Amino acid sequence: MDIKAYIILALTLFSIGIIGVLVRRNAIIIFMCVELMLNAVNLLLVAFSKMHAMSNFTKASPDFASDAQIFVFFIMVVAAAEVSVGLAIIVMMYRNVHTVDVNFLNRLKN
Amino acid sequence: MNLTSIIFLLLSLMAVGSSLMMISSKSPVHSVLWLIVVFFAISGHYILLNAQFLAIVNIIVYAGAIMVLFLFVVMLMNLNAETEPIKNYRLQLVGIVAGGTLLLIIIYAVMKIDVENLVEMKVGDAGLIKNLGMNLFKNYVLPFEISSVLFLSAMIGAVVIGKKDELSK
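Every value quoted in this text rests on a predicted model; they were computed, and no experiment measured them.

J.: Sorry if this is basic, but what is going on with the interface of chain A and chain B here?
T.: The parts lose accessible area when they come together, and the size of an interface is often stated as this lost area. Contact with chain A, which involves 68 residues of that partner, is made by 86 residues of chain B. Around 7100 Å² of area is buried between chain A and chain B when both sides are counted, 75% of it from carbon and sulfur atoms. Of all residues in chain A, the largest losses of buried area upon contact with chain B belong to Met1, Met32 and Lys50 of chain A, amounting jointly to 10% of the total for that side. Our count for the contact surface shared by chain A and chain B stands at eight residue pairs in polar contact (both at pLDDT 80 or more). Elements represented by at least two residues in the side of chain A that touches chain B include exactly α1 (3–23), α2 (27–54) and α3 (63–97) of chain A. Classifying every residue of the side of chain A that touches chain B gives 49 nonpolar, nine polar and 10 charged.

Structure follows, in structure tokens:
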């Protein structure tokens, strides 16, 4: 499979995530779109790692090929921590303003 | 067209279609369920790339833990299609045009470059658990240990943020 197919797929998913962030007003769905963007980047990173595994450069040392997948693993770790804190912030916001509409937070006062 | 290309196309269509359904469905619960379908499609892509460890971790962590947390919060707040805030139609159109333009421009730029590199499908041992584990515990031990501190701080942070504020009473 050509690497361009993976680049275009990841770009499409990333752009759908961006459109979701711009279009929706529900804070939870915006957060989910951010997760989708993270996953698109993860997919591209794994595809590049497998592209790298085919080149002669990494034949000598197999560790190089799996470096990108280690990075994806760490991105997942950070995403899990980020989701727990982010959802706590959204629950806090819901408790204060009784809505998840992000437009209610467009001013710092009150 | 061989079997690998057909599976790739099917998984890609599944991922893109489900993510479009995710941002377009009115009810937040449906959005969460469509996002789980997207994560399963991406896990299928990982399996197709022979990155088995990441496929399993993606299902366990994303589709399992994180999306259940999202679903839990959505149901805790009792959100449904009626409570959904509706954005101005014109602003929605602006968002779609902006995102679509970005997509078109980058796809055009990608088509212009002449990379003919192929991706290794179905074979290769870079994504096997043994090699990943050896690499993780040989070269990346320090980030691995630091991530435990990150988890501890995230846990404490979530508890502190979610706690009821007693000073305001």
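That shown, we press on.
J.: Is there a simple way to think about the side chain of Asn58 of chain B in this case?
T.: Here Asn58 of chain B lies in helix α3 (residues 52–76). You can call Asn58 of chain B buried: its relative accessible area is 0%. Engagement of the side chain of Asn58 of chain B in a polar contact is seen with the backbone oxygen of Phe39 of chain B, the distance being 3.3 Å. Sequence-distant contacts of Asn58 of chain B, defined by excluding residues within four places in its chain, comprise Asn39 and Met76 of chain A together with Phe39, Ile42, Ser43, Tyr46 and Ala63 of chain B.

J.: What is the right way to read the nonpolar core from this model?
T.: Across soluble globular proteins, nonpolar side chains have a tendency to be buried as a group. Ile28 of chain A together with Tyr46, Met67 and Phe70 of chain B are the most contacted members of the largest nonpolar core, which totals 70 residues. Looking at this core, the elements that each hand over two or more residues are α1, α2 and α3 of chain A together with α1 (3–24), α2 (28–48), α3, α4 (89–112) and α5 (129–139) of chain B. Of all the elements, α3 of chain A adds the most residues to this core, at 13 residues. Of the residues that make up this core, three or more belong to each of domain 1 (3–127) and domain 2 (128–169) of chain B. Among all residues touching Met67 of chain B, those that are not within four sequence positions of it are Met32 of chain A together with Val32, Leu35, Ile36, Phe39 and Tyr62 of chain B.

J.: Explain the environment of Met37 of chain A here, please?
T.: Tracing the chain through its elements places Met37 of chain A in helix α2. Considered as a pair, Met37 of chain A and Phe14 of chain A are 23 residues apart in the sequence and their alpha carbons are 4.7 Å apart.

J.: Quick question: what am I supposed to make of the packing of aromatic side chains here?
T.: One pair of aromatic rings is described through two measures. These are the centre distance and the angle between the planes. Counting across every chain of the model gives seven aromatic pairs over all chains. Relative to Phe8 of chain B, the ring of Tyr6 of chain A lies with its centre 4.8 Å away and its plane at 70°, an arrangement referred to as edge-to-face. With one member in each of two chains, Tyr6 of chain A in helix α1 and Phe8 of chain B in helix α1 form a pair that bridges those chains. For the pair Tyr6 of chain A and Phe8 of chain B, a shared accessibility class is recorded, and that class is buried. With 6.0 Å between their ring centres and 80° between their planes, Phe71 of chain A and Tyr140 of chain B make a pair best called edge-to-face. In this pair, Phe71 of chain A is assigned in helix α3 and Tyr140 of chain B in the loop between α5 and α6 (141–162), connecting two distinct chains. When its relative accessible area of 42% is taken as the criterion, Phe71 of chain A is described as partly exposed. Taken together, Phe73 and Phe74 of chain A together with Phe53 of chain B form an aromatic cluster joined through their ring pairs.

J.: So what exactly am I meant to see when it comes to α2 of chain B here?
T.: Since the α-helix packs 3.6 residues into each turn, any two residues three or four apart lie on the same face. Taking 1.5 Å per residue, 21 residues should reach 30 Å; α2 of chain B reaches 30 Å between its end C-alpha atoms and fits that length. Just downstream of α2 of chain B, Asn50 of chain B is the residue with a positive phi angle, here 60°.

J.: It is not clear to me how the packing of α1 of chain A against α2 of chain A should be interpreted in this structure. Could you clarify?
T.: In a packed pair of helices, the relevant descriptors are the angle between the two axes and the axis-to-axis distance. Residues and elements named next belong to chain A. It is at 8 Å that the axes of α1 and α2 come closest, and there the two elements cross at 170°. One element, α1, and the other, α2, form an angle in the roughly antiparallel class. Listed contacts from α2 to Ile3, Tyr6, Ile7, Leu9, Ala10, Leu13, Phe14, Ile16, Gly17, Ile18, Gly20 and Val21 of α1 are Ile30, Cys33, Val34, Leu36, Met37, Ala40, Val41, Leu43, Leu44, Ala47, Phe48 and Met51. Of the residues belonging to the contact of α1 with α2, the class tally is 22 nonpolar, two polar and no charged.

Rules used in this analysis
Residues numbered from 1 in each chain as written. Chains lettered and ligands numbered in written order. Predicted model: local features only at pLDDT ≥ 70, side-chain atom pairs only at ≥ 80, totals over all residues. Heavy atoms only, no water. Contact = heavy atoms within 4.5 Å. Buried area = accessible area lost by both parts, 1.4 Å probe. Polar contact = N/O pair within 3.5 Å; in protein donor to acceptor, adjacent residues only side chain to side chain. Helix = DSSP H or I, 4+ residues; strand = E, 2+ residues; numbered from the N terminus. Nonpolar A, V, L, I, M, F, W, Y, C, P; charged D, E, K, R; others polar. Buried < 20%, exposed > 50% of the residue type's maximum accessible area, 1.4 Å probe, protein only. Core = buried A, V, L, I, M, F, W, Y, C linked by side-chain atoms within 4.5 Å. Domains from an automatic or database assignment. Phe/Tyr/Trp six-rings, centres within 6.5 Å; stacked < 30°, edge-to-face > 60°. Expected span 1.5 Å × (residues − 1). Axes fitted to C-alpha atoms, helices over the stretch in contact; angles between N-to-C directions. Parallel < 35°, antiparallel > 145°, perpendicular 65-115°, else oblique.

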